[in-house]
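Structural characterization, general
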Amino acid sequence: MPRASQQFADSADEADPLTGISSSSALDDLLRLSPIASFAMDGSHILTAANHRLCEMLGYADGEPVGMNLDRIAADPEAFLTGIAGDTALLRSDGAEVLCQMFFHPMTDGGKLVFAVDLSARAKAERDTLESEKKRWQSDRIEALGRLAGGIAHDFNNFLAVL
């Protein structure tokens, strides 16, 4: 019986199952079952498949993005050429941008399988936190100013009491 490290090495030598997806039904099943917005594009940056979550996030009808050029849904198509995961904006059907964290996976035909996690909620939470901190800072400034004015009034009152 091979040791666990040998089994790991053997499995590492096997081909990546996502890279070797060749049938459109297997790809469609993968995208349909994906819990996050996903799409596939060929080497010429034409969307060949898109799941329901992507269509919902971008405001398209189911399947409508299929056949579109990447330029129609990506605010910065150059970010997709590198194939490096990161934050970039996708374009909604109305032109508004949706900030997403992108994950790319190369496919054998030169295309890419792309997974997009919507960061809008996180960005809104960060803006709300920043706004709350600004209000707290302003409140602290006003409180400090009130204490300063109270101290000056007290000192002035003591000065008048001497007279």
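Residues numbered from 1 in each chain as written. Predicted model: local features only at pLDDT ≥ 70, side-chain atom pairs only at ≥ 80, totals over all residues. Heavy atoms only, no water.

Broken down by element type, the protein carries five helices and five strands. Secondary structure elements of the protein occur, N-terminal to C-terminal, as α-α-β-β-α-α-β-β-β-α. Here the protein holds 163 residues, and 26% of them are scored as buried. Accessible surface computed for the protein: about 10,700 Å², of which carbon and sulfur atoms make up 57%. (Helix = DSSP H or I, 4+ residues; strand = E, 2+ residues; numbered from the N terminus. Buried < 20%, exposed > 50% of the residue type's maximum accessible area, 1.4 Å probe, protein only. Areas by Shrake-Rupley, 256 points an atom, 1.4 Å probe, with all protein chains shown as cover.)

Of all hydrophobic cores here, the largest spans 22 residues; its most connected members are Phe39, Met57, Phe80, Leu90 and Met102. Ranked by size, the runner-up nonpolar core spans seven residues in total, among them Leu31, Ala40, Met107 and Leu113. (Core = buried A, V, L, I, M, F, W, Y, C linked by side-chain atoms within 4.5 Å.)

What follows is about the pattern of salt bridges. Across all of its chains, the model carries three salt bridges by this definition. We note a salt bridge from aspartate 94 to arginine 92, for which the minimum N-O separation is 3.6 Å. Two residues, arginine 136 and aspartate 140, come together in a salt bridge whose shortest N-O distance is 3.3 Å. Of this pair, arginine 136 and aspartate 140 are both found in helix α5 (residues 120–162), four residues apart, which corresponds to roughly one turn of the helix. A relative accessible area of 52% means that arginine 136 is categorised as exposed. (Salt bridge = Lys/Arg side-chain N within 4 Å of Asp/Glu carboxyl O.)

Turning our eyes to something else, we now look at unusual backbone geometry. Phi at histidine 45 is positive, roughly 65°, even though this residue is not glycine. Along the chain, the position of histidine 45 falls in the loop between β1 (37–41) and β2 (47–50). Judged by its relative accessible area of 24%, histidine 45 is partly exposed.

Taken in spatial order, the five strands line up as β2-β1-β5-β4-β3 in an open sheet, and their pairing is antiparallel. Looking at strand neighbours, the two that pair on one side only are β2 and β3 (86–91), the edges of this open sheet. Within this sheet the neighbouring strands show an average axis-to-axis angle of 35°, counted without direction. One ladder, built from six bridges, connects β3 with strand β4 (residues 97–106); its direction is antiparallel. (Pairing = 2+ DSSP bridges. Axes fitted to C-alpha atoms, helices over the stretch in contact; angles between N-to-C directions.)

Per-residue pLDDT for the protein averages 79, and the proportion of residues at 70 or more is 83%. Averaged pLDDT values for the elements of the protein fall to 36 in helix α1 (residues 4–13) and rise to 91 in helix α3 (residues 52–58). For the stretch residues 1–16, pLDDT sits under 50, and the model shows two contacts to residues farther than four places along the chain or on other chains. (pLDDT = per-residue confidence, 0-100. Contact = heavy atoms within 4.5 Å.)

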